[in-house]
Structures are given as structure tokens and as C-alpha cells.
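Structural characterization, general
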Amino acid sequence: MSGKGKKLYKFILNGFPIFLLFILVFTGFDLSIIYYDINISFNFVYILIFFWVLKKPEIIGFGLIFLSGIISDVILNYPVGISSISYLLLCAFASFLRNRTLTPNLIYDWAFFFLTILIVNSTNYIILTLIFNFDISYSILMSNTIFTSLVYPVFAKVFNRINIYNLREENA
């Protein structure tokens, strides 16, 4: 591969999480499937932010995450700053786990991710209902939390493959 081709490939690999984050935020993407009156939905942005802040925090900076939260609030018609608080709280937990973990393990990451999104969604629920008087169904929020945590290992494997390709390119 030529020098320019290698730089382009490295740029695409490094920029993939940022590009995907802003695509998801600008579209207001939240995968929701209704199956026999069961609403199956998960928050893909939480998975993306948690994984990349945990594994390679220099790719997605906290400033970009804060900006994506502001954009998400405008798109989804939430009070400005709510998503930013949630995303930065998610970043804080992921950074804490990264600093405390000696050897990465998907099971520990998965359990900590579940605990983290429980705290983040509860904080989000408390702020939106007590301060802004939004009507949010706690059962839908909890099902979203459970399904998001169940989907995390699948996307963690995919993102880990992308991270491994990125590390190969850096070391080549």
C-alpha cells in the first residue's frame, strides 16, 4: 500500500468512531423493535461512547462527546445539556474502569457497563422528571437499559476488531 493510501486507511480507522457517533446523533438513532407488544430498544450511542472511552480514549475526546450531547438534545427536543451530562457521566465511569483494570475482560466490562447505564439512566430520569416535568415511563427506561446491556458484548466484539486493525496499522 502506498504512503497516501496508508494515511487514508489510518485516517478512516481513527475517524470511524467519531463519524459513527455524529451520524447516530444527527439522525437521532435509537433502534426500536416492537415484537408482540414488547418494545425492544437499545441506546447505541451509549455502547459506542463507553467502548471507545474505555479502550482508546484518545480517539473520541470529551469535547466531541459533549458537543454530540448538545446536538442530540437539539435533535431530540430535550433540555440542552441533559444528553451531555449523561454522556460525560458515562465517560467518567469508563475512565474509572480503564484506570482500575489491569487486564481487560469482556465480562467485567459488560457488568460494569450495566451498572453504569443503570446509574446514567436513573440520573437522566430523575433530572427529566423532577426538574423538567417530563413524562417518562420507568418500565420503558429499564427495558432499554436491559436490552442495551444485552447487546453490548456483540458490539464490543465488532469494535474490538476495528481497534485491533487500528493497532496493526499503528505498529506496521
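Described below are features of the structure shown in this document. (Residues numbered from 1 in each chain as written. Predicted model: local features only at pLDDT ≥ 70, side-chain atom pairs only at ≥ 80, totals over all residues. Heavy atoms only, no water.)

Let's talk about the overall build of the chain
Defined as follows: A run of H or I in DSSP becomes a helix once it reaches four residues, and a run of E becomes a strand once it reaches two; helices and strands are each numbered from the N terminus. Computation of the radius of gyration draws on C-alpha atoms, with the globule rule given as 2.2 Å multiplied by the number of residues to the power 0.38. Any two residues having at least one pair of non-hydrogen atoms within 4.5 Å are treated as being in contact. Areas reported here follow the Shrake-Rupley algorithm with a probe of radius 1.4 Å; residue values treat only the protein chains shown as occluding. Positive charge is attributed to Lys and Arg, negative charge to Asp and Glu, and no charge count is given to His or to the chain ends. Charge coordinates come from a single atom per side chain, which is NZ of Lys, CZ of Arg, CG of Asp or CD of Glu.
Counting its regular elements, the chain contains six helices and two strands. When the helices and strands of the chain are read in sequence order from the N terminus, they spell out α-β-β-α-α-α-α-α. Relative to a compact globule of 172 residues, whose C-alpha radius of gyration would be 16 Å, the chain shows 17 Å and is just as compact. By sequence separation, contacts in the chain at least 24 residues apart represent 75% of the contacts at least 6 residues apart. Carbon and sulfur atoms provide 68% of the accessible area of the chain, an area that totals close to 9,900 Å². Distance between charge centres in the chain, computed from 11 positive and 8 negative side chains, equals 18 Å.

Let's talk about the environment of Met142
Its location among the elements puts Met142 in helix α6 (residues 138-171). Residues Met142 and Leu118, spaced 24 residues apart in sequence, show a C-alpha to C-alpha distance of 8.0 Å.

Examining helix α1 (residues 3-27)
To keep it simple, the criterion reads: To estimate the expected span of a helix, subtract one from its residue number and multiply by 1.5 Å. At any given residue, the bend is defined as the angle formed between two axes, one fitted to the seven residues that end at that position and one fitted to the seven that begin there. Remark: exposure states derive from per-residue accessible area (1.4 Å probe, protein chains only) relative to the maximum for the residue type, with buried under 20%, exposed over 50%, and partly exposed in between.
For α1, built from 25 residues, the straight-helix expectation of 36 Å at 1.5 Å per residue is met to within 8% by its first-to-last C-alpha distance of 34 Å. Taking the largest bend as the criterion, α1 deviates by roughly 50°, centred on Gly15, and proline Pro17 comes between one and four positions later. Turning to α1, its buried residues number three or more, namely Leu13, Pro17, Leu20, Leu21, Phe22, Leu24 and Val25. Following α1 by one or two positions, Gly28 adopts a phi angle in the positive range, close to 65°.

Thoughts on the side chain of Ser72
Looking at the secondary structure, you find Ser72 in helix α3 (residues 62-76). Overall, Ser72 belongs to the buried group, its relative accessible area being 4%. Contacts of Ser72, omitting those with residues within four sequence positions, involve Val25, Ser83 and Tyr87.

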